[in-house]
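An overview of the molecular structure
If you want the building blocks of each chain, they are given just below.
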Amino acid sequence: LCERVLRYRGKMLRPTLLLLTAEACGRLTDPHLTLAAVVEMVHVATLVHDDVLDEAAARRKQPTINATDGNNTAVLLGDYLISHAFHLCSSLDDQYASRAIGATTNVVCEGELMQVHHRGDTELSEADYLEIIRRKTAALTGVCCALGSRYAGESVVAVAAWERFGMDLGIAFQIVDDILDCTATEDQMGKTLGRDLDLGEPTLPVIHALAQAEPVIRQKLIAVLSNGRAAPRERVRNWLDATDSISYAYRMAAQYVASARKHLDCVPLSPARESLAAVTDFILARRR
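Residues numbered from 1 in each chain as written. Predicted model: local features only at pLDDT ≥ 70, side-chain atom pairs only at ≥ 80, totals over all residues. Heavy atoms only, no water.

**Comments concerning the pattern of salt bridges**
Test applied: Any Lys or Arg side-chain nitrogen found within 4 Å of a carboxyl oxygen on Asp or Glu counts as a salt bridge. Where helices and strands are cited, they refer to DSSP runs of H or I of at least four residues and of E of at least two residues respectively, numbered from the N terminus. Note on classification: 1.4 Å probe, protein chains only; a residue is buried when its accessible area is under 20% of the maximum for its type, exposed when over 50%, partly exposed between these limits.
Summed over the entire model, instances satisfying the criterion amount to 12 salt bridges. Arg135 is the partner of Glu110 in a salt bridge, and the nearest nitrogen-oxygen pair spans 2.4 Å. Taken as a pair, Glu110 in helix H6 (residues 96–117) and Arg135 in helix H7 (residues 126–150) lie far apart in primary sequence, 25 residues in all. We classify Glu110 as partly exposed; its relative accessible area is 35%. Where Arg237 meets Asp241, a salt bridge forms, and the shortest distance between an N and an O atom there is 3.1 Å. Remark: Asp241 and Arg237 occur in helix H13 (residues 233–242); sequence separation between them is four residues, near one turn of the helix. Under the relative-accessibility criterion, Asp241 is labelled partly exposed at 41%. Taken together, the salt bridges that share partners define one network made up of Glu110, Glu131, Arg134 and Arg135.

Encoded structure:
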C-alpha cells in the first residue's frame with residue numbers, strides 16, 4: 001500500500017515551498033529535510049482520505065486505494081501516514097514543528113468538515129467558500145513556509161509574513177484546482193473529475209454562476225447541486241462560460257498570487273527567491 005501511494009507523488013508543492021523558503025531565508029538545515037518529508041506525508045494522507053470522501057476512482061492515473069481495497073483500508077492507511085508523519089516530526093530537538101503541524105491538521109479537518117456540511121448548499125457565499133479552502137488547503141501550504149523560515153532562524157514577524165505568503169498561494173492553488181475540476185479532462189489531471197458537482201459542493205465558478213446566471217440556468221445549476229447525481233460536465237461548462245465564471249475565478253486566483261508576489265518583493269535576490277516566483281507563475285498557468 002505504501003509503495004502504491006508513493007506513486008501519488010505529483011507537483012511536490014508543499015515540500016518545495018518549505019525548502020525554497022528556507023533557502024530564501026539563507027539557511028537550509030537537516031530539520032528542514034525532515035519537515036519536508038513530514039508535510040508531504042500529511043498531504044498524501046489527506047489525498048487518501050479525500051478519495052474516500054469524494055468516492056473517487058482514480059488518482060495519478062491509477063486506481064485509488066478505496067477503489068481497489070475498500071474504504072476501511074483507505075481510512076486506516078491515511079491514519080497510518082499521518083501517525084508516521086508525527087512520529088518523524090517528534091524526532092526533532094524541539095516540539096515547535098509538532099505543535100504547528102498538529103494545529104494545522106486540526107484546521108484542515110475543520111475545512112473538510114465545513115465542506116461536507118455545506119454539500120447541497122446553493123446559497124454558499126464566496127466568503128464561506130474562501131474560508132473552507134483557507135482551512136482545507138491553504139493552512140498546510142502556509143505552515144510549510146512558516147516552518148521553512150522558522151527553522152532558518154527568522155523572527156516571529158518574518159515567520160508570520162512567510163505564512164501569509166504560503167496561505168495566499170494555497171488559496172490560489174485551490175481556486176485553480178476547482179476551475180480545472182470543471183474544465184480539464186481526466187486524462188490531463190490523472191484523477192476523477194466532476195466530483196464537486198456530483199457531491200453538491202459549490203466551488204467559486206459555480207457560486208459566481210449562480211449569482212449571475214439567468215433564472216432558467218440558475219435553476220438547472222441548483223438541480224445539479226441538489227440532486228446528488230452525475231453532472232453533465234460539458235453542459236455545466238457552457239453555463240459557466242456564459243456567465244464568465246471561469247474567467248472570474250481565474251481573476252480571483254490572480255489576486256491572491258499578486259498578494260503573494262508582493263511578499264517576495266521584500267526578500268533578497270537569490271536563486272531560491274526566483275524559484276518561488278516561478279512557483280507563483282506556475283499556479284496560474286497549470287493545466288493539470
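There is more to say, and it comes next.
**Describing helix H14 (residues 245–264)**
Because each turn of an α-helix spans 3.6 residues, side chains separated by three or four positions in sequence point in the same direction. The test is simple: A helix is expected to span 1.5 Å for every residue after the first. The arc in question is formed by the directions pointing from the helix axis toward the C-beta atoms. Here, residues are in contact when the closest pair of their heavy atoms is within 4.5 Å.
Look at H14: 29 Å from first C-alpha to last across 20 residues, which is about the 28 Å you get at 1.5 Å a residue. Buried residues of H14: Ser245, Ile246, Ala249, Met252, Ala253, Tyr256, Val257, Ala260, His263 and Leu264, and no others. Along the long axis of H14, the arc covered by the buried residues comes to 150°, so they all point the same way. Exposed positions of H14 whose direction lies more than 90 degrees from the buried face are Gln255 and Lys262. Against the buried residues of H14 lie H7, helix H8 (156–183), helix H11 (204–212), H13 and helix H15 (271–285).

**Some remarks on the packing of H8 against H13**
The condition that has to hold: Here the axes come from fitting lines to C-alpha atoms, over the contacting stretch only for helices, and the angles between their N-to-C directions go from 0 to 180 degrees. Roughly parallel means an angle under 35 degrees; roughly antiparallel means over 145; roughly perpendicular covers 65 to 115; every other angle is labelled oblique. Residue polarity is assigned by list, with Asp, Glu, Lys and Arg as charged and Ala, Val, Leu, Ile, Met, Phe, Trp, Tyr, Cys and Pro as nonpolar; anything else, Gly included, falls into the polar class.
For the pair H8 and H13, interaxial distance at closest approach is 9 Å and the crossing angle is 125°. Taken as axis vectors, H8 and H13 run oblique relative to one another. When H8 is examined against H13, the residues Leu180, Asp181, Cys182 and Thr183 are found in contact with a partner set consisting of Arg233, Arg237 and Leu240. Partitioned by chemical class, the residues of the contact of H8 with H13 number three nonpolar, one polar and three charged.

**Focus on the side chain of Ser245**
What counts here: In the analysis that follows, any N or O atom pair within 3.5 Å is treated as a polar contact, provided that within protein one partner can donate a hydrogen and the other can accept it, and provided that, for residues neighboring in sequence, both atoms belong to side chains.
Tracing the sequence through the fold places Ser245 in helix H14. A distance of 2.8 Å separates a polar atom in the side chain of Ser245 from a polar atom in the side chain of His208. Not counting residues up to four positions away in its chain, the partners in contact with Ser245 are Pro205, His208, Ala209 and Leu240.

**Quick word on the packing of aromatic side chains**
Ring pairs (aromatic) are described by centroid distance and by the angle formed between their planes. So the rule is basically this: In summary, the pairing rule links any two rings of Phe, Tyr or Trp, Trp by its six-membered ring, whose centres are within 6.5 Å, and it sorts them by plane angle into stacked for under 30 degrees, edge-to-face for over 60 and tilted for everything else. For a lysine, the NZ atom is tested; for an arginine, the CZ atom; a charge sits over a ring if that atom is within 6 Å of the ring centre and within 35 degrees of the ring normal.
The final tally for this structure, using the stated rule, is two aromatic pairs. Note on Tyr96 and Tyr151: the rings are 6.2 Å apart at their centroids and 65° apart in plane angle, and the pair reads as edge-to-face. Residue Tyr96 is found in helix H6, and its partner Tyr151 is found in the loop between H7 and H8; the two are separated by 55 residues along the sequence. In this arrangement the basic side chain of Arg14 is found over the ring face of Phe173, its NZ or CZ atom lying 5.8 Å from the centre. If you follow Arg150 out to its NZ or CZ, it ends over the ring of Tyr96, 4.1 Å from the centre.

**As for H13**
Buried residues of H13: Val236, Trp239 and Leu240, and no others. Viewed end-on, H13 has its buried residues packed into an arc of 100°, placing them on one side of the element. Projecting away from the buried face of H13 at angles above 90 degrees are the exposed residues Glu234, Asn238 and Ala242. Considering only its buried residues, H13 is in contact with H8, helix H10 (195–198), H11, helix H12 (215–227) and H14.

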